[in-house]
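Single-letter residue listing:
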Amino acid sequence: MANNGSSKPLLFLLTGFPGLEHLHPWLAVPISLMYFVALCGNGTILTIIRAESSLHKPMYLFLAMLAVTDVCLVATTLPTVLRLFWFNVRALSFGACATQMFFIHSLSCVESGILLAMAFDRFVAISNPLRYSLVLTGSRIAKTGLLMLLRGVLFVLPTPLLLRLLRYCRANTLSHSFCVHQDVMKLACSDRRVNVIYGLFAVLSTFGIDSLLVLLSYLIIVKTVLNIACGEERLRALDTCVSHLCAVLIFYIPLIGLSIIHRFGERASPLVHILMGFTYVLIPPMLNPIVYSIKTTPIRQSILKRLQSSAL
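Looking at an unreviewed UniProt entry, one finds the protein named Olfactory receptor and attributed to Nothoprocta pentlandii. Entered under Sequence similarities (unreviewed entry) in the UniProt record, the comment concerning the protein runs "Belongs to the G-protein coupled receptor 1 family."

Caption draft 1: Expanded view of the state of the cysteines. This model, assessed by the stated rule, comprises one disulfide. Covalent S-S linkage joins Cys-97 and Cys-179, the inter-sulfur distance amounting to 2.0 Å. Here the S-S torsion is close to -120°, and the disulfide linking Cys-97 with Cys-179 is therefore left-handed. Pair noted here: Cys-97 is in helix α3 (residues 94-127) and Cys-179 is in the loop between α6 (158-164) and α7 (181-185), with a separation of 82 residues, a long-range link. Residue class for Cys-97 comes out buried when judged on its relative accessible area of 1%. According to the relative accessible area criterion, Cys-179 is buried, its value standing at 0%. Counting only cysteine sulfurs, Cys-109 is the nearest neighbor of Cys-72, a cysteine outside any disulfide, at a range of 14 Å.

Caption draft 2: Examining the packing of helix α9 (residues 231-264) against helix α10 (residues 270-295) more closely. Close contact between α9 and α10 brings their axes to 9 Å; oriented N to C, the two are set at 175°. With respect to α10, the element α9 is oriented roughly antiparallel. Class assignment for the residues of the contact of α9 with α10 results in 17 nonpolar, seven polar and two charged.

Caption draft 3: Representation of the packing of aromatic side chains. Taken as a whole, this structure holds 13 aromatic pairs when the rule is applied. Ring centres of Phe-120 and Phe-123 lie 6.0 Å apart, and the angle between their planes is 40°; on these two criteria the pair is classed as tilted. Of this pair, Phe-120 and Phe-123 both sit in helix α3, three residues apart, which is roughly one turn of that helix. Of the residues examined, Phe-123 reaches a relative accessible area of 23% and is grouped as partly exposed. On the numbers, 6.4 Å between centres and 75° between planes, the contact of Phe-178 with Phe-278 is edge-to-face. Separated by 100 residues along the polypeptide, Phe-178 in the loop between α6 and α7 and Phe-278 in helix α10 bring together distant segments of the chain. This pair shows no difference in class: Phe-178 is buried, exactly as Phe-278 is.

Rules and cut-offs
- Residues numbered from 1 in each chain as written.
- Predicted model: local features only at pLDDT ≥ 70, side-chain atom pairs only at ≥ 80, totals over all residues.
- Heavy atoms only, no water.
- UniProt positions renumbered as here; feature names shortened; annotations may be inferred.
- Disulfide = S-S within 2.5 Å.
- Helix = DSSP H or I, 4+ residues; strand = E, 2+ residues; numbered from the N terminus.
- Buried < 20%, exposed > 50% of the residue type's maximum accessible area, 1.4 Å probe, protein only.
- Axes fitted to C-alpha atoms, helices over the stretch in contact; angles between N-to-C directions.
- Parallel < 35°, antiparallel > 145°, perpendicular 65-115°, else oblique.
- Nonpolar A, V, L, I, M, F, W, Y, C, P; charged D, E, K, R; others polar.
- Phe/Tyr/Trp six-rings, centres within 6.5 Å; stacked < 30°, edge-to-face > 60°.

This is the structure in structure tokens:
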């Protein structure tokens, strides 16, 4: 229960599907399956890239970083979601909620940065292919991954600390089966302006800049491709970008949708909040490996080769 007038509540209560609590054990089956697909899919991508020396190239190294990030994101929400749906355990301490919130948002920030790096990879590969291996060296790729990790940690770390400064004297029931910043912040009854301003600053400085740079990269890519005389070469160049474009859309559409719901959807059905939350944390990790397995020929061939060898 919330401690009236205290700096933090003793417990938060997570939310499943309101009105369908009696169906939670049944709903846990498809939700668990989605988690399983996400973990197995990203694990397969990592295994293939690690095992195949021909895939030790910048594009696939960035894809491996994306898969690691997705696995960590899935692992962050899996305990509370499955505990809620399988065993109806709703309570979560403030510390556990703040920790989960930190990992969800920092990993999302890391994923956004990796998608930007992958856009730059496609930009260099198409716009200046002769310098591709010179620009994207192994050292620079590793430094880029580390930089994105540090950026995610540094930008998100203040948010749980700022939440501790607020007073919580309203209901302590969250809108999702896990903790996100906007959801926790709405439960506070003290002045939240600092939290709102910093949250907006962090979003614009990370997701906002990343999305604009991704858009700029693709505008230059399209301009470069249009200057290619041969139509077949145009299609081949654009085809190398399809998987990444799908990953960008899969990531940013749920992110924007969840932000809109929290900002303008106070009168929306609780079911909408729940579905958007699951879309945000589950759909990108689940679909990314599927998209890359279907659209990226070397990965698809490697998977088929392994399946055939295991069947023999």
